[in-house]
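Observations on the three-dimensional arrangement
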Amino acid sequence: MVVTGCLGAKEGVVAKVHPSVLAITGPHDTEGVMQAVHQHLPKPHDPYVDLVPPQGIKLTPKHYAYLKISEGCNHRCTFCIIPSMRGDLVSRPIAQVMQEAENLVDAGVKELLVISQDTSAYGVDVKYRTGFVHGKPVKTRMVDLCRALGDLGIWVRLHYVYPYPHVDEVIPLMAEGKVLPYLDVPFQHASPRILKLMKRPASAEKVLERIRAWREICPDIAIRSTFIAGFPGETEAEFAELLAFLDEAQLDRVGCFAYSPVEGAAANALPDPVPEAVKEERRARFMAKQAQISAAKLQRKVGKTLQVLIDEPGVGRSSADAPDIDGVVKFKGGKSGEFAQVLIERADEHDLYGRKL
Ligand code: SF4
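A brief structural summary. Per chain, residues are indexed from 1 in the order of the written sequence. Predicted model: local features are reported for residues with pLDDT of at least 70 only, side-chain atom pairs are reported and counted for 80 or more only, and whole-chain, interface and lining totals are derived from all residues. Side-chain descriptors were evaluated using all non-hydrogen atoms of the structure, hydrogens and water having been removed beforehand.

1. Description of the packing of helix H8 (residues 204–217) against helix H9 (residues 236–249)
Throughout, an axis means a line fitted to C-alpha atoms (over the contacting stretch in the case of helices), and angles, computed between N-to-C directions, take values from 0 to 180 degrees. Put simply, DSSP H or I for four residues or longer makes a helix, DSSP E for two residues or longer makes a strand, and each gets a number counted from the N terminus. Two numbers describe how H8 lies on H9: the axes approach to 10 Å, and their chain directions differ by 15°. Between H8 and H9, the interaxial angle falls into the category roughly parallel. Seen along the crossing, H8 lies across H9 with a hand that is right-handed. Touching Ala204, Val207, Leu208, Ile211, Arg212 and Arg215 of H8 are Phe245, Glu248 and Ala249, all from H9. Angle categories: roughly parallel below 35 degrees, roughly antiparallel above 145, roughly perpendicular from 65 to 115, and oblique for all the rest. In this scheme the crossing of two helices becomes right-handed for a clockwise turn of the near helix relative to the far one and left-handed for an anticlockwise turn of less than a right angle. Contacts were defined at the residue level, with two residues in contact if any of their heavy atoms lie within 4.5 Å.

Dropping the structure here:
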(Lines give C-alpha, C1' and ligand atoms only; values in the text may rest on other atoms or scores of the structure.)
Protein backbone atom coordinates (compact mmCIF):
# COMPACT_ATOMS: atom_id res chain seq x y z
CA MET A 1 0.00 0.00 0.00
CA VAL A 2 1.21 3.47 -0.95
CA VAL A 3 -0.22 6.48 0.85
CA THR A 4 -0.45 9.73 -1.12
CA GLY A 5 -2.18 13.06 -0.60
CA CYS A 6 -2.07 16.06 1.69
CA LEU A 7 -1.40 14.14 4.87
CA GLY A 8 1.49 12.41 3.11
CA ALA A 9 3.39 15.66 3.53
CA LYS A 10 3.54 14.75 7.22
CA GLU A 11 5.29 11.49 6.56
CA GLY A 12 6.08 10.76 10.21
CA VAL A 13 2.42 11.02 11.25
CA VAL A 14 1.29 8.41 8.72
CA ALA A 15 4.29 6.12 9.29
CA LYS A 16 3.67 6.10 13.04
CA VAL A 17 0.07 4.94 12.65
CA HIS A 18 0.67 2.62 9.67
CA PRO A 19 4.28 1.44 9.82
CA SER A 20 3.73 -1.22 7.16
CA VAL A 21 2.84 1.04 4.20
CA LEU A 22 5.42 0.79 1.44
CA ALA A 23 5.72 4.49 0.65
CA ILE A 24 4.25 7.83 1.66
CA THR A 25 4.21 10.83 -0.67
CA GLY A 26 2.73 14.32 -0.60
CA PRO A 27 -0.03 15.63 -2.87
CA HIS A 28 0.31 15.74 -6.69
CA ASP A 29 3.36 13.52 -6.54
CA THR A 30 2.55 11.14 -9.39
CA GLU A 31 6.23 10.60 -10.02
CA GLY A 32 6.87 9.66 -6.39
CA VAL A 33 3.96 7.20 -6.39
CA MET A 34 5.11 5.61 -9.64
CA GLN A 35 8.65 5.28 -8.33
CA ALA A 36 7.34 3.48 -5.25
CA VAL A 37 5.13 1.23 -7.36
CA HIS A 38 7.99 0.31 -9.70
CA GLN A 39 10.29 -0.30 -6.79
CA HIS A 40 7.97 -2.95 -5.38
CA LEU A 41 6.36 -4.15 -8.58
CA PRO A 42 8.85 -4.02 -11.47
CA LYS A 43 7.48 -2.82 -14.79
CA PRO A 44 6.60 -5.55 -17.30
CA HIS A 45 9.07 -5.87 -20.18
CA ASP A 46 8.32 -3.51 -23.07
CA PRO A 47 10.58 -4.14 -26.07
CA TYR A 48 9.97 -0.64 -27.43
CA VAL A 49 11.24 1.34 -24.47
CA ASP A 50 13.36 -1.09 -22.46
CA LEU A 51 16.46 -0.51 -24.56
CA VAL A 52 16.44 3.17 -23.64
CA PRO A 53 18.84 3.55 -20.68
CA PRO A 54 17.40 5.04 -17.45
CA GLN A 55 19.20 8.34 -18.03
CA GLY A 56 17.50 8.63 -21.47
CA ILE A 57 19.43 9.29 -24.64
CA LYS A 58 21.60 12.37 -24.58
CA LEU A 59 23.75 14.05 -27.18
CA THR A 60 26.42 15.48 -24.88
CA PRO A 61 29.64 13.63 -23.97
CA LYS A 62 29.31 11.01 -21.25
CA HIS A 63 30.62 13.25 -18.47
CA TYR A 64 28.26 16.23 -18.66
CA ALA A 65 24.58 16.76 -19.34
CA TYR A 66 21.97 19.48 -19.50
CA LEU A 67 19.16 19.28 -16.99
CA LYS A 68 16.04 21.11 -18.14
CA ILE A 69 13.94 22.15 -15.17
CA SER A 70 11.12 24.11 -16.77
CA GLU A 71 9.68 25.27 -20.05
CA GLY A 72 8.31 28.69 -21.03
CA CYS A 73 8.61 32.09 -19.39
CA ASN A 74 6.35 34.57 -17.56
CA HIS A 75 8.33 37.63 -18.63
CA ARG A 76 7.69 39.65 -21.73
CA CYS A 77 11.05 41.14 -22.67
CA THR A 78 10.26 43.19 -25.75
CA PHE A 79 13.08 41.74 -27.88
CA CYS A 80 12.09 38.13 -27.25
CA ILE A 81 9.47 35.86 -28.78
CA ILE A 82 10.06 32.80 -26.61
CA PRO A 83 6.91 33.27 -24.48
CA SER A 84 4.79 33.52 -27.62
CA MET A 85 6.24 30.22 -28.86
CA ARG A 86 6.62 28.25 -25.65
CA GLY A 87 3.99 29.84 -23.45
CA ASP A 88 4.14 30.74 -19.78
CA LEU A 89 6.39 29.01 -17.28
CA VAL A 90 5.70 25.34 -16.59
CA SER A 91 8.02 23.83 -13.99
CA ARG A 92 8.82 20.13 -13.97
CA PRO A 93 8.06 18.40 -10.67
CA ILE A 94 11.10 18.43 -8.41
CA ALA A 95 10.94 14.64 -7.89
CA GLN A 96 11.11 14.12 -11.66
CA VAL A 97 14.01 16.55 -12.07
CA MET A 98 15.93 14.91 -9.21
CA GLN A 99 15.23 11.44 -10.58
CA GLU A 100 16.64 12.44 -13.95
CA ALA A 101 19.66 14.03 -12.25
CA GLU A 102 20.33 10.86 -10.25
CA ASN A 103 19.96 8.66 -13.32
CA LEU A 104 22.49 10.83 -15.14
CA VAL A 105 24.93 10.70 -12.24
CA ASP A 106 24.53 6.90 -12.07
CA ALA A 107 25.37 6.80 -15.78
CA GLY A 108 28.68 8.60 -15.18
CA VAL A 109 27.77 12.29 -15.56
CA LYS A 110 30.11 14.50 -13.52
CA GLU A 111 28.66 17.90 -14.38
CA LEU A 112 25.02 18.95 -14.63
CA LEU A 113 24.14 22.16 -16.40
CA VAL A 114 20.81 23.43 -15.14
CA ILE A 115 18.88 25.10 -17.94
CA SER A 116 15.47 26.57 -18.71
CA GLN A 117 14.23 29.86 -20.12
CA ASP A 118 14.18 31.33 -16.62
CA THR A 119 15.94 29.17 -14.03
CA SER A 120 15.35 31.46 -11.06
CA ALA A 121 11.56 31.35 -11.64
CA TYR A 122 11.52 27.59 -11.05
CA GLY A 123 8.37 26.68 -9.15
CA VAL A 124 6.60 30.07 -9.38
CA ASP A 125 3.81 28.49 -11.46
CA VAL A 126 3.17 25.75 -8.87
CA LYS A 127 3.53 28.11 -5.92
CA TYR A 128 6.77 26.37 -4.91
CA ARG A 129 4.86 23.15 -4.28
CA THR A 130 6.54 20.65 -1.99
CA GLY A 131 7.58 17.45 -3.72
CA PHE A 132 9.26 14.39 -2.28
CA VAL A 133 12.77 13.19 -3.04
CA HIS A 134 13.51 9.85 -1.39
CA GLY A 135 10.65 10.53 1.00
CA LYS A 136 12.04 13.92 2.03
CA PRO A 137 10.02 17.07 1.32
CA VAL A 138 11.75 19.45 -1.10
CA LYS A 139 10.19 22.62 -2.46
CA THR A 140 9.94 23.27 -6.20
CA ARG A 141 12.24 26.26 -5.86
CA MET A 142 15.64 27.11 -7.35
CA VAL A 143 17.54 27.32 -4.07
CA ASP A 144 16.05 24.06 -2.77
CA LEU A 145 16.80 22.36 -6.08
CA CYS A 146 20.40 23.61 -5.91
CA ARG A 147 20.76 22.22 -2.41
CA ALA A 148 19.38 18.81 -3.48
CA LEU A 149 21.58 18.71 -6.59
CA GLY A 150 24.55 19.79 -4.49
CA ASP A 151 24.11 16.65 -2.38
CA LEU A 152 24.79 14.49 -5.44
CA GLY A 153 28.50 15.30 -5.19
CA ILE A 154 29.00 16.44 -8.79
CA TRP A 155 29.52 19.81 -10.49
CA VAL A 156 26.27 21.78 -10.77
CA ARG A 157 26.27 24.83 -13.03
CA LEU A 158 23.43 27.35 -13.25
CA HIS A 159 22.40 28.91 -16.53
CA TYR A 160 19.86 31.58 -17.57
CA VAL A 161 19.26 32.98 -14.13
CA TYR A 162 16.98 36.00 -14.36
CA PRO A 163 18.19 38.57 -11.79
CA TYR A 164 15.37 38.18 -9.22
CA PRO A 165 16.27 39.27 -5.66
CA HIS A 166 16.14 35.67 -4.36
CA VAL A 167 19.08 34.74 -6.60
CA ASP A 168 21.19 36.19 -3.77
CA GLU A 169 20.23 33.13 -1.67
CA VAL A 170 22.11 30.77 -3.96
CA ILE A 171 25.48 32.53 -3.58
CA PRO A 172 26.20 31.07 -0.10
CA LEU A 173 25.69 27.59 -1.62
CA MET A 174 28.41 28.47 -4.11
CA ALA A 175 30.70 29.61 -1.30
CA GLU A 176 30.05 26.28 0.47
CA GLY A 177 30.95 24.33 -2.68
CA LYS A 178 27.45 22.86 -3.10
CA VAL A 179 27.10 24.30 -6.58
CA LEU A 180 29.80 25.72 -8.84
CA PRO A 181 30.70 29.36 -8.21
CA TYR A 182 29.33 30.26 -11.62
CA LEU A 183 26.30 32.34 -12.42
CA ASP A 184 24.96 32.92 -15.91
CA VAL A 185 22.75 35.95 -15.43
CA PRO A 186 21.75 37.92 -18.52
CA PHE A 187 21.70 41.66 -17.71
CA GLN A 188 21.07 42.75 -21.34
CA HIS A 189 21.88 46.44 -20.79
CA ALA A 190 22.82 49.03 -18.18
CA SER A 191 20.95 52.16 -19.23
CA PRO A 192 17.73 52.55 -17.17
CA ARG A 193 15.81 53.88 -20.17
CA ILE A 194 16.85 51.02 -22.44
CA LEU A 195 16.15 48.44 -19.71
CA LYS A 196 12.68 49.93 -19.35
CA LEU A 197 12.11 49.73 -23.11
CA MET A 198 13.26 46.12 -22.95
CA LYS A 199 10.88 45.47 -20.04
CA ARG A 200 13.81 44.23 -17.97
CA PRO A 201 14.24 44.87 -14.25
CA ALA A 202 16.80 46.65 -12.13
CA SER A 203 19.09 49.58 -12.50
CA ALA A 204 22.79 49.27 -13.22
CA GLU A 205 23.52 50.75 -9.78
CA LYS A 206 21.60 48.00 -8.01
CA VAL A 207 23.18 45.32 -10.19
CA LEU A 208 26.66 46.61 -9.37
CA GLU A 209 25.81 46.60 -5.66
CA ARG A 210 24.61 43.01 -5.91
CA ILE A 211 27.68 41.89 -7.81
CA ARG A 212 29.86 43.43 -5.09
CA ALA A 213 27.85 41.60 -2.42
CA TRP A 214 28.04 38.28 -4.33
CA ARG A 215 31.80 38.61 -4.59
CA GLU A 216 32.10 39.36 -0.90
CA ILE A 217 30.28 36.12 -0.07
CA CYS A 218 31.92 34.05 -2.80
CA PRO A 219 35.15 35.68 -4.05
CA ASP A 220 35.71 32.97 -6.68
CA ILE A 221 32.36 33.45 -8.39
CA ALA A 222 32.54 33.64 -12.20
CA ILE A 223 29.74 35.77 -13.59
CA ARG A 224 28.64 35.27 -17.18
CA SER A 225 26.19 37.63 -18.84
CA THR A 226 24.77 38.57 -22.20
CA PHE A 227 23.96 42.01 -23.59
CA ILE A 228 22.33 43.57 -26.61
CA ALA A 229 23.99 46.45 -28.45
CA GLY A 230 22.02 48.70 -30.77
CA PHE A 231 18.57 48.17 -29.23
CA PRO A 232 16.03 50.47 -30.96
CA GLY A 233 16.54 54.05 -29.80
CA GLU A 234 19.90 53.37 -28.09
CA THR A 235 21.90 56.59 -28.22
CA GLU A 236 25.68 56.83 -28.18
CA ALA A 237 25.46 58.12 -24.60
CA GLU A 238 23.36 55.13 -23.54
CA PHE A 239 25.81 52.78 -25.19
CA ALA A 240 28.62 54.57 -23.33
CA GLU A 241 26.71 53.83 -20.10
CA LEU A 242 26.84 50.16 -21.01
CA LEU A 243 30.62 50.31 -21.57
CA ALA A 244 31.07 52.11 -18.24
CA PHE A 245 29.01 49.40 -16.57
CA LEU A 246 31.32 46.75 -18.05
CA ASP A 247 34.33 48.57 -16.60
CA GLU A 248 32.73 48.63 -13.18
CA ALA A 249 31.22 45.16 -13.17
CA GLN A 250 34.38 43.32 -14.32
CA LEU A 251 32.33 40.33 -15.45
CA ASP A 252 34.17 37.13 -16.21
CA ARG A 253 32.38 35.89 -19.30
CA VAL A 254 30.31 38.06 -21.61
CA GLY A 255 28.43 37.65 -24.86
CA CYS A 256 27.04 40.54 -26.88
CA PHE A 257 24.55 40.43 -29.71
CA ALA A 258 23.77 43.23 -32.13
CA TYR A 259 20.00 43.79 -31.85
CA SER A 260 18.21 41.61 -34.32
CA PRO A 261 14.56 42.35 -35.10
CA VAL A 262 13.08 38.88 -34.73
CA GLU A 263 9.67 38.69 -36.37
CA GLY A 264 6.94 39.17 -33.79
CA ALA A 265 9.09 40.97 -31.17
CA ALA A 266 7.37 44.00 -29.63
CA ALA A 267 10.64 46.00 -29.73
CA ASN A 268 10.51 46.13 -33.52
CA ALA A 269 7.75 48.75 -33.24
CA LEU A 270 9.94 51.09 -31.16
CA PRO A 271 11.08 54.32 -32.84
CA ASP A 272 14.62 55.17 -33.97
CA PRO A 273 16.06 51.82 -34.98
CA VAL A 274 19.85 51.85 -34.92
CA PRO A 275 21.43 51.43 -38.38
CA GLU A 276 22.97 48.02 -39.00
CA ALA A 277 26.54 49.35 -39.32
CA VAL A 278 26.26 51.26 -36.02
CA LYS A 279 24.90 48.18 -34.23
CA GLU A 280 27.80 46.10 -35.47
CA GLU A 281 30.35 48.76 -34.65
CA ARG A 282 28.97 49.03 -31.08
CA ARG A 283 29.00 45.28 -30.66
CA ALA A 284 32.65 45.18 -31.78
CA ARG A 285 33.60 48.01 -29.36
CA PHE A 286 31.80 46.20 -26.57
CA MET A 287 33.61 42.93 -27.27
CA ALA A 288 37.00 44.67 -27.55
CA LYS A 289 36.49 46.21 -24.10
CA GLN A 290 35.41 42.91 -22.62
CA ALA A 291 38.42 41.15 -24.21
CA GLN A 292 40.73 43.50 -22.24
CA ILE A 293 38.79 42.86 -19.02
CA SER A 294 38.80 39.11 -19.59
CA ALA A 295 42.55 39.03 -20.40
CA ALA A 296 43.38 40.92 -17.21
CA LYS A 297 41.13 38.68 -15.11
CA LEU A 298 42.57 35.48 -16.58
CA GLN A 299 46.13 36.79 -16.09
CA ARG A 300 45.42 36.85 -12.36
CA LYS A 301 44.90 33.08 -12.45
CA VAL A 302 48.49 32.44 -13.56
CA GLY A 303 50.34 30.61 -10.79
CA LYS A 304 47.14 29.12 -9.33
CA THR A 305 46.19 25.46 -9.40
CA LEU A 306 42.69 24.83 -10.73
CA GLN A 307 40.54 21.74 -10.73
CA VAL A 308 39.43 20.98 -14.28
CA LEU A 309 37.05 18.48 -15.80
CA ILE A 310 38.71 17.02 -18.89
CA ASP A 311 36.61 17.17 -22.08
CA GLU A 312 39.26 15.56 -24.27
CA PRO A 313 42.96 14.83 -23.76
CA GLY A 314 44.72 18.18 -23.31
CA VAL A 315 41.53 20.26 -22.95
CA GLY A 316 39.53 20.79 -19.80
CA ARG A 317 37.29 23.31 -18.13
CA SER A 318 37.50 24.93 -14.72
CA SER A 319 34.51 25.97 -12.62
CA ALA A 320 34.50 29.24 -14.58
CA ASP A 321 34.05 27.56 -17.96
CA ALA A 322 30.75 26.21 -19.30
CA PRO A 323 31.07 23.93 -22.33
CA ASP A 324 30.96 25.55 -25.77
CA ILE A 325 30.31 29.12 -24.61
CA ASP A 326 33.28 29.92 -22.34
CA GLY A 327 37.04 29.44 -22.51
CA VAL A 328 39.01 26.27 -21.79
CA VAL A 329 42.13 25.20 -19.93
CA LYS A 330 44.82 23.58 -22.12
CA PHE A 331 47.56 21.25 -20.91
CA LYS A 332 49.19 17.98 -21.91
CA GLY A 333 47.62 14.59 -21.30
CA GLY A 334 44.59 13.54 -19.30
CA LYS A 335 41.60 11.39 -20.05
CA SER A 336 38.16 12.57 -21.11
CA GLY A 337 35.67 12.67 -18.23
CA GLU A 338 38.27 12.78 -15.45
CA PHE A 339 39.02 15.57 -13.01
CA ALA A 340 42.60 16.90 -12.85
CA GLN A 341 44.59 19.59 -11.08
CA VAL A 342 46.27 21.99 -13.49
CA LEU A 343 48.90 24.58 -12.56
CA ILE A 344 48.17 27.64 -14.70
CA GLU A 345 51.26 29.00 -16.46
CA ARG A 346 49.87 31.35 -19.10
CA ALA A 347 46.65 33.08 -20.17
CA ASP A 348 45.26 34.88 -23.19
CA GLU A 349 41.94 36.71 -23.70
CA HIS A 350 39.78 33.63 -23.28
CA ASP A 351 41.78 30.54 -22.37
CA LEU A 352 44.27 29.34 -19.80
CA TYR A 353 47.34 27.16 -20.40
CA GLY A 354 49.08 25.04 -17.80
CA ARG A 355 50.63 21.81 -16.58
CA LYS A 356 48.65 18.86 -15.31
CA LEU A 357 49.89 17.90 -11.85
S1 SF4 B 1 14.47 37.07 -22.73
FE2 SF4 B 1 14.35 35.38 -21.26
S3 SF4 B 1 13.25 36.31 -19.53
FE4 SF4 B 1 12.85 37.64 -21.29
S5 SF4 B 1 10.94 36.88 -22.20
FE6 SF4 B 1 12.64 35.88 -23.27
S7 SF4 B 1 12.89 33.95 -22.22
FE8 SF4 B 1 11.72 35.27 -20.84
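2. Comments concerning the site of the ligand
Surveying the vicinity of the ligand reveals the residues Cys73, His75, Cys77, Phe79, Cys80, Pro83, Gln117, Tyr162 and Arg200. Cavity and pocket criteria rest on a 1 Å grid covering protein atoms alone: a 1.4 Å probe that fits but cannot get out defines a cavity, protein on both sides within 12 Å along at least 5 of 7 lines defines an open pocket, and an atom within 4 Å of a point defines a lining residue. Grid points define the cavity or pocket, and a molecule sits in it when more than half of its atoms lie within 2 Å of them. The pocket occupied by the ligand, as judged from atoms lying within 2 Å of grid points, is the largest pocket. Polarity classes work like this: nonpolar for Ala, Val, Leu, Ile, Met, Phe, Trp, Tyr, Cys and Pro, charged for Asp, Glu, Lys and Arg, and polar for all others, with Gly in that last group. Here the residues of the shell around the ligand sort into six nonpolar, two polar and one charged. Residues are classed as near a molecule or strand on a simple rule: at least one heavy atom within 4 Å of it.

3. Overview of unusual backbone geometry
Phi is positive for Lys199, close to 60°, though the residue is something other than glycine. Following the sequence through the fold, Lys199 ends up in the loop between helix H7 (192–198) and H8. Only protein chains enter the accessibility calculation, which uses a 1.4 Å probe; a residue is then buried when its area is under 20% of its type maximum, exposed when over 50%, and partly exposed in between. Taking the relative accessible area as the measure of exposure, Lys199 reaches 54% and is therefore exposed. Even without glycine at this site, Asp272 takes up a positive phi of about 55°. Structurally, Asp272 is set in the loop between strand S12 (253–258) and helix H10 (276–299). You can call Asp272 exposed: its relative accessible area is 57%.

4. What to know about the environment of Ser294
When you line up the elements, Ser294 lands in helix H10. A relative accessible area of 5% places Ser294 in the buried class. In sequence terms Ser294 and Arg253 are 41 residues apart; their C-alpha atoms lie 7.2 Å from each other. Not counting the four nearest positions on each side in its chain, Ser294 is found in contact with Asp252, Glu349 and His350.

5. A closer look at the packing of aromatic side chains
Centres within 6.5 Å make a pair out of two Phe, Tyr or Trp rings, where for Trp the six-membered ring is used; the pair is then stacked when the planes are under 30 degrees apart, edge-to-face when over 60, and tilted otherwise. Inspection of every chain in the model, using the stated rule, returns seven aromatic pairs. Between Phe231 and Tyr259, the ring centres sit 5.3 Å apart and the planes meet at 80°, which makes this aromatic pair edge-to-face. Taken together, the positions of Phe231 in the loop between strand S11 (222–229) and H9 and Tyr259 in the loop between S12 and H10 put the pair 28 residues apart, joining distant regions of the chain. Counting as a charge over the ring demands two things of the Lys NZ or Arg CZ atom: a distance within 6 Å of the ring centre and an angle within 35 degrees of the ring normal. Above the face of the Tyr64 ring, Arg317 is positioned so that its terminal group lies 5.1 Å from the ring centre. Taking NZ or CZ as reference, Arg346 lies 4.1 Å from the ring centre of Tyr353, over its face.

6. Things to note about the layout of surface pockets
Each pocket or cavity is described by its volume, and for the largest pocket that value is around 870 Å³. Elements that contribute at least two residues to the lining of the largest pocket include exactly helix H3 (82–86), S11 and S12. Its residues placed into classes, the lining of the largest pocket shows 20 nonpolar, seven polar and five charged. Of the voids in this model, the second largest pocket is the one considered here, and its volume is about 490 Å³. Looking at the second largest pocket, it is lined by 21 residues, and the ones nearest its centre are Pro219, Asp220, Ile221, Lys301 and Lys304. Those elements giving two or more residues to the lining of the second largest pocket turn out to be helix H6 (171–175) and strand S13 (305–312). Across the lining of the second largest pocket, the residue classes tally to 11 nonpolar, three polar and seven charged. Grid points are joined across faces, edges and corners, and a volume is the space filled by probe spheres set on the points.

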